[in-house]
Each structure stands twice: as structure tokens, then as C-alpha cells.
Protein chains: 2
Amino acid sequence: MMGPEIERLVGLMARLPGLGPRSARRIVLRLMAEREQRLLPLIAALDAACQRVAVCPTCGGLDSQQPCMICADAAREPLICVVETVADQWALERAAVYRGRYHVLGGLLSAIAGHGPEDLGIDRLVARLDGSVREVILALPATVDGQATAHYLTERLATCGVSVTRLAQGVPVGGSIEILDEGTLALALSARRAAG
Amino acid sequence: MMGPEIERLVGLMARLPGLGPRSARRIVLRLMAEREQRLLPLIAALDAACQRVAVCPTCGGLDSQQPCMICADAAREPLICVVETVADQWALERAAVYRGRYHVLGGLLSAIAGHGPEDLGIDRLVARLDGSVREVILALPATVDGQATAHYLTERLATCGVSVTRLAQGVPVGGSIEILDEGTLALALSARRAAG
Ligand SMILES: [Zn+2]
Ligand SMILES: [Zn+2]
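In this text the structure is predicted, and so the values were computed from the model without any measurement.

**Considerations on the interface of chain A and chain B**
Phase 1: Every contact between the two is made by 51 residues of chain A and, on the other side, 51 residues of chain B.
Phase 2: Seen at the junction of chain A and chain B, the total is two salt bridges.
Phase 3: In this structure, R52(A) engages E5(B) in a salt bridge whose closest nitrogen and oxygen atoms are separated by 3.0 Å.
Phase 4: Between the two partners, chain A and chain B, sit ten residue pairs in polar contact (both at pLDDT 80 or more).
Phase 5: At the level of secondary structure, the elements contributing two or more residues to the side of chain A that touches chain B comprise α1 (4-14), α2 (21-33), α3 (35-52), β2 (62-63), α4 (69-72) and α5 (86-95) of chain A.
Phase 6: Per-element tally for the side of chain A that touches chain B: the top contributor is α3(A), with 14 residues.
Phase 7: Taken together, the residues of the side of chain A that touches chain B sort by class into 32 nonpolar, three polar and 16 charged.

**Remarks on the packing of aromatic side chains**
Residues and elements named next belong to chain B.
Phase 1: On inspection of all chains with the given rule, the structure shows two aromatic pairs over all chains.
Phase 2: Look at Y98 and Y102: their rings are 5.3 Å apart centre to centre, the planes differ by 70°, and that puts the pair in the edge-to-face class.
Phase 3: The class of Y98 is buried, set by a relative accessible area of 4%.
Phase 4: Relative accessible area serves as the criterion here: at 1%, Y102 is assigned to the buried category.

**Details of the environment of Q66(B)**
All names here are of chain B.
Phase 1: For Q66, the position within the fold is in the loop between β2 (62-63) and α4 (69-72).
Phase 2: Expressed as a C-alpha distance, the spacing of Q66 and V55, which sit eleven residues apart in the sequence, is 8.2 Å.
Phase 3: Apart from residues no more than four positions distant in its own chain, Q66 is found in contact with A54, V55, C56 and P57.
Phase 4: A polar contact of 3.2 Å, which involves the side chain of Q66, links it to the backbone oxygen of D63.

The rules behind each value
Residues numbered from 1 in each chain as written. Chains lettered and ligands numbered in written order. Predicted model: local features only at pLDDT ≥ 70, side-chain atom pairs only at ≥ 80, totals over all residues. Heavy atoms only, no water. Contact = heavy atoms within 4.5 Å. Salt bridge = Lys/Arg side-chain N within 4 Å of Asp/Glu carboxyl O. Polar contact = N/O pair within 3.5 Å; in protein donor to acceptor, adjacent residues only side chain to side chain. Helix = DSSP H or I, 4+ residues; strand = E, 2+ residues; numbered from the N terminus. Nonpolar A, V, L, I, M, F, W, Y, C, P; charged D, E, K, R; others polar. Phe/Tyr/Trp six-rings, centres within 6.5 Å; stacked < 30°, edge-to-face > 60°. Buried < 20%, exposed > 50% of the residue type's maximum accessible area, 1.4 Å probe, protein only.

Okay, here's the thing in C-alpha cells:
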């Protein structure tokens, strides 16, 4: 009895991460009650992101320019930080403790999930190591899959003429990179050690 | 460093009820990662709701037809249930224990918030009492403002030739209608008593 348009909208919202039927209904009612201030701007912003934002073919990040602002920024240091997700990349950027570039794997090696190296764009990472890159920093979660992926990358990059390090301190066991505060990220970066 | 489109989208999402910067970022990343399955359908649904759904001029509910499906449904009983919000109306509809129509106030009388009777469409409610309506059921929250509003409506409707009742049992003190389960709503409806 909500009408088909509202029902469909609530249904789509309720399946977004962290939301459910109740929170989706609250959001939809707020949007409908404040069309000019909330609903129309949200539609325009979703539309703009949909039309203009794409995955950077170099690093796997998201941006409206290709390659992305970070890949295109000549002032970035010749380092590549390997992260699992764009959310992890954003966390490092927010912390403002790292001034190199990134490589977003989009996942981790996982026998259970059936993710192999070909799924993670690791060949693209290797192709970026053209001699100008000084160091690859593995900023992967301290989970079984994260450590397995770090181990695989360390071996794979051993012959690429680049030093491979990993965040060594401050990453809690079982924890993800995304939720770390700025201080912990700074510590983990400065105390990084040779991988392998 | 997220790009202006993403930054704007995350900012708008983060101000929706129940969300914050972190949950907004998660949602935006999921939407961007699943454009076909999530982002495009969500834009289409928001657009459809924005274009077609409006406030029913009779009851204050939301629907794509005017008057709304409930006001237009000849099979509904000649009762009007007065609720504070559309969310409360939806809760009663979901419970499927009531088969009359509604009047959505869109707020409560409040000296502090400065809401008077003219802000709540109470004249529109009185205008609906054309002799065919048998009973007005006040389903208002058991808060100070809710009870003050119920008291005002009871006095206001006393001369309208309609019986005025209120949900009497099961509404927890200080609680809202929206969160009540089906059984409690059924009990509160069946045990309603004369208001005043
Ligand atoms: Zn890039
Ligand atoms: Zn209506």
C-alpha cells in the first residue's frame, strides 16, 4: 500500500550495505519530504557519478579523469601502494601520510572464493614496474587471504628490480586497513619492513 | 582525492537519516562497483518516485495517483485513522489490522517547535467529516506532544458528529507508532476507547 514506485525504491535502498527495510523507509520518506533540498540533488549526483566516474585503467581507482588524478600527478613519489579496495585507498588518502601512487587489487587471492592472480590485475601491476618505481608497499589486511596475497606478491615481484615492503606495525590481526585511524596508518607506514 | 563527483555524492548520502561518512562511502563504492545491477536501477527508481509520487491532497499520504489508492479504495471502511507521519501509516498498513482510511498530520502540536493546528492540516481533516465517516481513530505517539495533539483533536472534533477514539493499549509510554509489531498494533486497535 505504499504504491509501486515507493515500494521499488525502498526495496533497492534496503539492499545497500548497512541498510535494511526500516532504514530504507526512513531515508525514502526523508527524500520525498525534501525533494528540492535532498532528492533532486541526490539524483543529480548519482547521475553525474554514473556518467563521469570510471575505474582508472592504470591503478584501479575511481575518478572522472583517465588516468586518475593520482596517477596523473607528477608530484607523487615513485612508490606504489597495493591495497585491496578503493575504500582502503581513500583511507590512506584521508590520512594524508602517503604521497605515492596506488594499485587497487579489487580483492584478495582466495582459494575458497576462487580468486586467482588473473582476477586481481597483478599483471597490470607488474607492467607498471618500468624502472621508475622505487618501491611497492603492500597495504593488505592482516587476514589469512591478505597475508597469502602479500606472500604471493612478494615472490612475484622479487625479480622485478623493485623493493617490496609491507605495513608492519599497527595493523591489528584480522583487521582491515579501511578502519585504521590516521596515527596508526602513519605508524604502520613509517615502520614498514622488507617483505618476505 | 576521491574526485569531485564522488565527494559530492558521499556528502549528500552522509546527511541522510541513519547514515554518516563511513556508511555513505561504503554505499557509494558498492553502487559504483555494480552500476548495472545497483546504480542505474536506483537512479531510475529515484527518478520515478520524484516524477510521479506526490502527497495525497486528501489524506497527506504518498502515492503516484491522486487521490491516493487508499483514499480512492471504495472498499475501505468509513473510518479515519489520524497518524503523525507517513511512516506510521505504513506501519499500520504493513500490520494489515486496519481497513479504514488515514489522515497524516505531518507533525504534532508543539509549543516548543511552534507547530499550531494550521500546520497540521486539521481543517482538511474536519472537512473530510461529511457524515459518511463513522469514527476517527487517533493513533498518535504516547509522548507529551502526541497526547496534547490527541487532546486538541478530541475537543475540536467533539461537535463534528463523529465518534473519536484513540489507541488505548499497547502503545508504550514515550514510544512511537512506527516501531510497534503487528500483534501490539492489533491489540491497541481492538482495545481502543472513547477519547477525551
Ligand atoms: Zn589511477
Ligand atoms: Zn489519500
